[in-house]
Amino acid sequence: MAADTATLAGKLARAAPVLASANTPCDDPDALRTLRGRLGLSAGDFLVLFASPLADVPRLAREAAEVFPGITVIGCTTAGEITGAGYASREIVAIGFPRSLFVCDTILVRNLREVDNHDLSYRVLRARAELERREPGWQTEFAFTLIDGLSLAEDMLMGALAMTMGPVPIFGGSAGDDVAFTRAFVLHEGELLTDAAVVTLVRTRCRVKVFTLDHLSPTEAQMVVTGADPARRLVTEINAEPAGREYARILQKDPAQLDSMTFAAHPLLVRIGDTHHVRSIQRVNEDGHLVFHSAIAEGVVLTLARPEPIVAHLERELGRLAEGGAPASILGFDCMLRRIEAEQTQEVGALSRVLARHGVVGFNTYGEQFHATHVNQTLTGAAIYPPETEDQ
């Protein structure tokens, strides 16, 4: 029995991380050098920064090349951070991809509503070919995006990328601005940009599983969008009634009390094929209209969601990623609404312990991308497993 227990523990034990990670407070006067000392990166590695919007983000962009010579640095601002200890606030999280296991290339996409799909396809195919030339013996590819979360352009970008990525799995996260919804940035090799995205293509000798998970299931309560402005992700009417008031009526709440905690606790789902996807509400505007985090259109049927206990669900689903061997690292993009729900139910500590135990690092987003779809209220990311042998 003791031997069986030891064997099981060995299978479930997480290997040494394959991603280097470190964090420091956003008001650290020498943040990049602090992170450099903790990461131990060298020329040829690849670095991603997830920075609280309270950090001196322009300085991070300016000094990145000087502090990390020979290392490509990208990143974005956040609605919260995920460190090796779980959820954090007012931090700068740095995640390094060592050259011994990963080769990476980036594509900067400016002016998101004016993307030339043919040019984007050419750039993606060229980048993939270059990574294959550099490491022809490595067979695993994946990609991730960091995109201005206030651009309202995630759906268009992911649709364009899906046409050219072929079998390569892709996921992403929308840059945030805490809960201000004022201005979110992406960072690319010294430039700090809005209305932009960074697409990172990765080739690795590690096994990778790109995943998305949420703890929501549909109820019987449904409503129909009868008035909408899709370009602004705005719903003006539900069931031919003012949207905010009707949503509040269905929840049996006072419309004046609708806030981010209400939206986190009572999300809406839309059915696409056999799958329900979350369509989360960002806020109620001054006209009583509902502003959504994702695309929404007139005629869509929305279903009120029922949440499963979030801690138990996360433990179970991350545990499933460890079947056959635990990931060495998980790069996770976690919706801010999940964190708000955990704060409301006083489960942030418990959720943080689950994230830390499974090696999740990343940031809280204004939305997530999975394959061709922009989604909300999910944890989406890549589970990265150790290489089969050290001498591959």
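Structure: see above.
Residues numbered from 1 in each chain as written. Predicted model: local features only at pLDDT ≥ 70, side-chain atom pairs only at ≥ 80, totals over all residues. Heavy atoms only, no water.

Focus: the sheet that holds strand 22 (residues 329-335)
Alright, step 1. A sheet is described by the order of its strands in space; here six strands give the open sequence 5-4-23-22-26-13, paired in mixed fashion. Of all the strands in the sheet, the pair left with one neighbour each is strand 5 (86-88) and strand 13 (208-213). With strand direction ignored, the average angle separating the axes of adjacent strands in the sheet is 20 degrees.
Alright, step 2. As defined by bridge partners, strand 4 (residues 81-83) adjoins strand 23 (residues 360-365) across two bridges and the pair is classed as antiparallel. Looking at the pairing, Glu81 lines up with Phe363 of strand 23.
Alright, step 3. Contacts from helix 8 (residues 310-321) reach strand 13, strand 22, strand 23 and strand 26 (379-384), with the element oriented near 160 degrees to strand 13.
Alright, step 4. Helix-sheet contacts for helix 10 (residues 348-357) involve strand 4, strand 5, strand 23 and strand 26, and the interaxial angle to strand 5 is about 125 degrees. (Pairing = 2+ DSSP bridges. Helix = DSSP H or I, 4+ residues; strand = E, 2+ residues; numbered from the N terminus. Axes fitted to C-alpha atoms, helices over the stretch in contact; angles between N-to-C directions. Contact = heavy atoms within 4.5 Å.)

Observations regarding the nonpolar core
Alright, step 1. With 35 residues, the main nonpolar core has Phe50, Phe97, Phe102, Phe142, Phe144 and Leu146 as its most contacted residues.
Alright, step 2. Ignoring anything within four residues of it in the chain, the contact list for Phe50 reads Cys76, Thr78, Glu81, Glu91, Ile92, Val93, Ile95, Leu146, Leu331, Phe333, Gly362 and Phe363. (Core = buried A, V, L, I, M, F, W, Y, C linked by side-chain atoms within 4.5 Å. Buried < 20%, exposed > 50% of the residue type's maximum accessible area, 1.4 Å probe, protein only.)

Remarks on the environment of Arg134
Alright, step 1. Along the polypeptide, Arg134 turns up in helix 4 (residues 117-134).
Alright, step 2. Along the backbone, Arg134 and Leu201 are 67 residues apart, and their C-alpha atoms lie at a distance of 13 Å.

Regarding helix 3 (residues 57-67)
Alright, step 1. Three or more residues of helix 3 are buried, namely Val57, Leu60, Ala61, Glu63, Ala64 and Val67.
Alright, step 2. Looking at the packing, one finds that the buried side of helix 3 touches helix 2 (31-39), strand 2 (46-51), strand 3 (72-77), strand 6 (91-97), strand 10 (186-188) and strand 11 (191-193).

A look at the pattern of salt bridges
Alright, step 1. Evaluated as defined, the whole model comprises 21 salt bridges.
Alright, step 2. When the shortest N-O distance is used, the salt bridge between Arg33 and Asp30 registers 3.4 Å.
Alright, step 3. By relative accessible area, Asp30 is classed as partly exposed at 31%. (Salt bridge = Lys/Arg side-chain N within 4 Å of Asp/Glu carboxyl O.)

Section: the sheet that holds strand 11
Alright, step 1. Spatial strand order, 1-6-2-3-10-11: six strands in an open sheet with mixed pairing. Strand pairing shows two members of the sheet lacking a second neighbour, strand 1 (20-25) and strand 11, which therefore form its edges. Taking the axes of each pair of neighbouring strands and ignoring which way they run, one obtains an average angle of 15 degrees across the sheet.
Alright, step 2. Helix 3 rests against strand 2, strand 3, strand 6, strand 10 and strand 11 of the sheet, and its axis sits at about 145 degrees to strand 11.

Describing the packing of helix 2 against helix 3
Alright, step 1. Where helix 2 meets helix 3, the axes come as close as 10 Å, and the angle between the chain directions of the two elements is 40 degrees. Accordingly, the angle class assigned to the pair helix 2 and helix 3 is oblique. Between helix 2 and helix 3 the crossing geometry is right-handed. Here Ala31, Leu32, Arg33 and Arg36 of helix 2 come into contact with helix 3, specifically with Leu60, Glu63, Ala64, Glu66 and Val67.
Alright, step 2. Grouping the amino acids of the contact of helix 2 with helix 3 by side-chain chemistry returns five nonpolar, no polar and four charged. (Parallel < 35°, antiparallel > 145°, perpendicular 65-115°, else oblique. Left-handed = near helix turned anticlockwise from the far one by under 90°. Nonpolar A, V, L, I, M, F, W, Y, C, P; charged D, E, K, R; others polar.)

Concerning the pairing of strand 14 (residues 216-229)
Alright, step 1. For strand 14 and strand 21 (residues 301-307), the ladder comprises six bridges, and the chain directions are antiparallel. Note on strand 21: the bridge partner recorded for Pro218 is Ala305.
Alright, step 2. Sheet topology note: the strand 14/strand 15 (residues 234-238) ladder contains four bridges and is antiparallel. Paired with Asp229 across the strands is Leu234, a residue of strand 15.
Alright, step 3. Between strand 14 and strand 15, which pair antiparallel and follow one another directly, the connecting turn spans four residues, one of which, Arg233, has a positive phi of 50 degrees.

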